[in-house]
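Here is how the chains run, residue by residue.
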Amino acid sequence: MTSTIPFQPVTQQYPVKSVFPTVDTIPESFRLQMPVNQCKYLINGELRYWEGEVETVLSPVHIRTTEGLEPAVVGHFPLLDEQESLAALNAAVAAYDRGCGPWPTMSVAQRIEHMRDFAQRMEAKRDRVVKLLMWEIGKSYKDSQKEFDRTVSYIKDTIEALKDLDRVSSRFEITEGVIGQIRRAPLGVVLCMGPSNYPLNETFTLLIPALIMGNTVIMKLPRPGVLFCNPLLEAFQQAFPAGVINTVYGSGRVVTPPLMTSGQVDALAFIGSSRAANELKKQHPKLNRLRTIYGLEAKNPGIVLPSADLDLTVKECVLGTLSYNGQRCTALKVLFVHQQIVEAFLEKLSAAISQLTVGMPWEQDVTITPLPDVDKTRYFTELVNDATGHGASIVNSGGGSVEGSVFYPAVLYPVTPAMRLYSEEQFGPVIPVVPYDDIETPIDYLVHSDHGQQVSIFGQDTDAIADLIDPLVNQVCRVNLNSQCQRGPDTFPFTGRKDSAVGTLSVSDALRSFSIRTLVAAKEQPLNKAIINDIVRERKSNFLSTDFIL
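Residues numbered from 1 in each chain as written. Predicted model: local features only at pLDDT ≥ 70, side-chain atom pairs only at ≥ 80, totals over all residues. Heavy atoms only, no water.

## Considerations on the sheet that holds strand S5 (residues 68-78)
Ordered by their spatial adjacency, 3 strands build an open sheet running S1-S5-S4, and the pairing between neighbours is mixed. Strands at the two margins of the open sheet, each flanked by one partner only, are strand S1 (36-37) and strand S4 (54-65). Along the sheet, helix H4 (residues 126-137) contacts S1, S4 and S5; its crossing angle with S4, the most-contacted strand, is approximately 75°. (Pairing = 2+ DSSP bridges. Helix = DSSP H or I, 4+ residues; strand = E, 2+ residues; numbered from the N terminus. Contact = heavy atoms within 4.5 Å. Axes fitted to C-alpha atoms, helices over the stretch in contact; angles between N-to-C directions.)

Written as structure tokens, this is what we have:
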């Protein structure tokens, strides 16, 4: 094992010294020509203009000046008030019209065409959206491109999944003398709230299935993670009927309580913390009528067995702990490593981290980028100080050093239950390593954890792996073998147990989450057969239909 380096406070600069640029060193193609002056928001098919209070968006990218580091100004967005929030709600309620509106009663094929239209308009805005993601949340150029492209693919996959679902539903069943056709119907008005780490992709994995199933939507974007949507407002306006999609901006404490307390929100689709989700849900006056679809926090462990291929394991653990600075709910957030191999593991892990590129989002192969929350570096330093104060050491050279909004990854060992890092979801580049002798140690951790999203097992001993799989599938919803925890592929179920999720999000599962099975039934009698045949033959109903979508 490498010799440990005593932790130093935020004044330590190595190895992130001078990573921030001056204005003239920013490549021309990545510069923001001017701040985004967003004053528009979409309600009832209208792009309204806000003349009230706005919030300035400061980039995690700081600019080096003669007076020190200054965060770049990305732009500003409207801080809407209660009145505008209720206007968005009223528009969504009117468009749904208790299930009688044009959108919820429209045929599946027609809704698919609207969604295709939106996807085409969205693709035309790719470069602008990608650049705004980089500057607003500090995501690398490569990862920002990936987030955009993955979202467009998700829309197209959702369309195909809905076609498959509708094909299965385009037939009648006759059982015990009853004719029935079973389809899926919308829930009503949906409030969609995505997270700041994937403000485009994860917000849209709620929004897209909610829309295409016939619901009307109010979209509240996270802070940070607002301005990327500015180029897409016209696409929403032009692709969907008035009131089907409405946007609200501003403080959640101002704009969300009026929505929830109205009792007119039928489904809450939320990705964030369980505390925030619970607060929102409690505001609804009719909880039995509220459908909830949540993606919440996780503390995903990696379990490294004595038989692990260390080179492969370290590669996956670096990806799992540090992709986008570890700011992912699916990140590996605690590593249990067997005592027999822990020293070799730490040495290889530290060496791998030392090879990572620290820099600005536009730099090639960059891994460690500025953090979007100004308080994050302070928070991570507190976690490191707590761990070292309870006996852990920083294993990797320069771990925990800070410059501005950049925090260099810190590997802490040995981490014990006395430390905050053992159970607290750090959501960033601090890596706790827990040694173990008895495999019951990580199993017991998962059994008693408040979270139950995923786990990664690293090893080559098939007997040991099999013995872990059977108990762990009853604690989490995905067991990864010799690979990092992750959401994709999007066709796989994405959910969690305990406080980690409610409902399932994947391409096909999300369609079911945002709809409910409904059927038309009739006794098998000549009159009823004649009625059904006439309705189907003459295409008098969008629901009662045998049309087959190709």
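## Re the pattern of salt bridges
Proximity of charged atoms lets side chains of opposite charge pair with each other. In the structure shown here, the tally under the stated rule is 26 salt bridges. One salt bridge in this structure joins Glu113 and Arg116, with 2.6 Å as the shortest N-O distance. Of this pair, Glu113 and Arg116 both sit in helix H3 (residues 108-123), 3 residues apart, roughly one helical turn. Judged by relative accessible area, which is 45%, Glu113 ranks as partly exposed. (Salt bridge = Lys/Arg side-chain N within 4 Å of Asp/Glu carboxyl O. Buried < 20%, exposed > 50% of the residue type's maximum accessible area, 1.4 Å probe, protein only.)

## Some remarks on the environment of Ile179
Within the element layout of this structure, Ile179 appears in strand S7 (residues 178-186). By relative accessible area, which is 7% here, Ile179 ends up buried. For the pair Ile179 and Ala521, spaced 342 residues apart in sequence, the C-alpha separation works out to 5.5 Å. Those residues in contact with Ile179, other than ones at most four positions away along the chain, are Phe172, Glu173, Ile174, Val520, Ala521, Ala522, Glu524, Lys529 and Ile532.

## Brief notes about unusual backbone geometry
That bond from Tyr413 to Pro414 is cis: its omega, -10°, falls within 30 degrees of zero. Secondary-structure assignment places Pro414 in the loop between strand S20 (410-413) and helix H13 (420-423). With an omega dihedral of -5°, the bond running from Gly488 to Pro489 counts as a cis peptide bond. Summarising the element assignment, Pro489 is placed in the loop between strand S24 (478-481) and strand S25 (497-498). One non-glycine residue, Tyr324, adopts positive backbone phi at about 45°. With respect to the helices, strands and loops of the structure, Tyr324 is situated in the loop between helix H10 (310-322) and strand S14 (332-338).

## Points about empty space enclosed by the protein
A complete count under the given rule lists 3 cavities of 30 Å³ or more for this structure. Approximately 80 Å³ is the volume attributed to the largest cavity. If you trace the largest cavity, you find 13 residues lining it, with Tyr294, Gly295, Leu296, Phe494 and Ala501 closest to the centre. Across the lining of the largest cavity, the residue classes tally to 7 nonpolar, 6 polar and no charged. (1 Å grid on protein atoms, 1.4 Å probe; cavity = no way out; pocket = protein on both sides within 12 Å on 5 of 7 lines; lining within 4 Å. Points joined across faces, edges and corners; volume = space filled by probe spheres on them. Nonpolar A, V, L, I, M, F, W, Y, C, P; charged D, E, K, R; others polar.)

## Points about the layout of surface pockets
When its volume is computed, the second largest pocket comes out at roughly 890 Å³. The wall of the second largest pocket is formed by 34 residues, among which Asp143, Lys146, Tyr198, Ser323 and Tyr324 lie closest to the centre. Secondary structure elements with two or more residues in the lining of the second largest pocket: helix H5 (141-169), helix H6 (201-212), H10 and strand S16 (366-368). Per-element accounting of the lining of the second largest pocket gives the leading share, 6 residues, to H5. For the lining of the second largest pocket, a count of residues per class yields 11 nonpolar, 12 polar and 11 charged.

## So, the side chain of Arg111
Looking at where Arg111 falls in the secondary structure, it is placed in helix H3. Buried and unpaired, Arg111 has Asp166 as its nearest opposite-charge partner, separated by 7.2 Å. Within polar-contact distance, the side chain of Arg111 engages the backbone oxygen of Trp103 at 3.3 Å. Only 3.0 Å separates the side chain of Arg111 from the backbone oxygen of Met106, close enough to count as a polar contact. When sequence neighbours within four positions are dropped, the list of residues in contact with Arg111 reads Trp103, Pro104, Met106, Leu211, Ile212, Met213 and Gly214. (Lys, Arg positive; Asp, Glu negative; His and termini not counted. Polar contact = N/O pair within 3.5 Å; in protein donor to acceptor, adjacent residues only side chain to side chain.)

## So, the packing of H5 against H6
The geometry of H5 relative to H6 is characterised by a closest axis approach of 10 Å and an angle of 25° between their N-to-C directions. The orientation of H5 relative to H6 falls into the category roughly parallel. Viewed along their axes, H5 and H6 form a crossing whose handedness is right-handed. Taking contact as the criterion, the partners of Glu147, Arg150, Thr151, Tyr154, Ile155, Thr158, Ile159 and Leu162 in H5 are, on H6, Asn201, Phe204, Thr205, Ile208, Pro209 and Ile212. Grouping the constituent residues of the contact of H5 with H6 by class yields 8 nonpolar, 4 polar and 2 charged. (Parallel < 35°, antiparallel > 145°, perpendicular 65-115°, else oblique. Left-handed = near helix turned anticlockwise from the far one by under 90°.)

## Things to note about the packing of aromatic side chains
Within this structure, the stated rule accounts for 16 aromatic pairs. Arranged with centres 6.4 Å apart and planes meeting at 70°, the rings of Tyr198 and Tyr324 form a pair that is edge-to-face. With Tyr198 in the loop between strand S8 (189-193) and H6 and Tyr324 in the loop between H10 and S14, this residue pair connects regions lying 126 residues apart in the sequence. Residue Tyr324 is classed as buried on the basis of its relative accessible area, which comes to 5%. Through successive ring pairs, a cluster of aromatic residues spans Trp103, Phe118, Phe204, Phe236 and Phe240. If you follow Lys139 out to its NZ or CZ, it ends over the ring of Tyr198, 3.6 Å from the centre. The ring of Tyr324 is capped by Lys139, whose NZ or CZ atom sits 4.6 Å from the centre of that ring. (Phe/Tyr/Trp six-rings, centres within 6.5 Å; stacked < 30°, edge-to-face > 60°. Lys NZ or Arg CZ within 6 Å of the ring centre and 35° of its normal.)

Interpretation note: all reported values are geometric properties and have no functional meaning in isolation.
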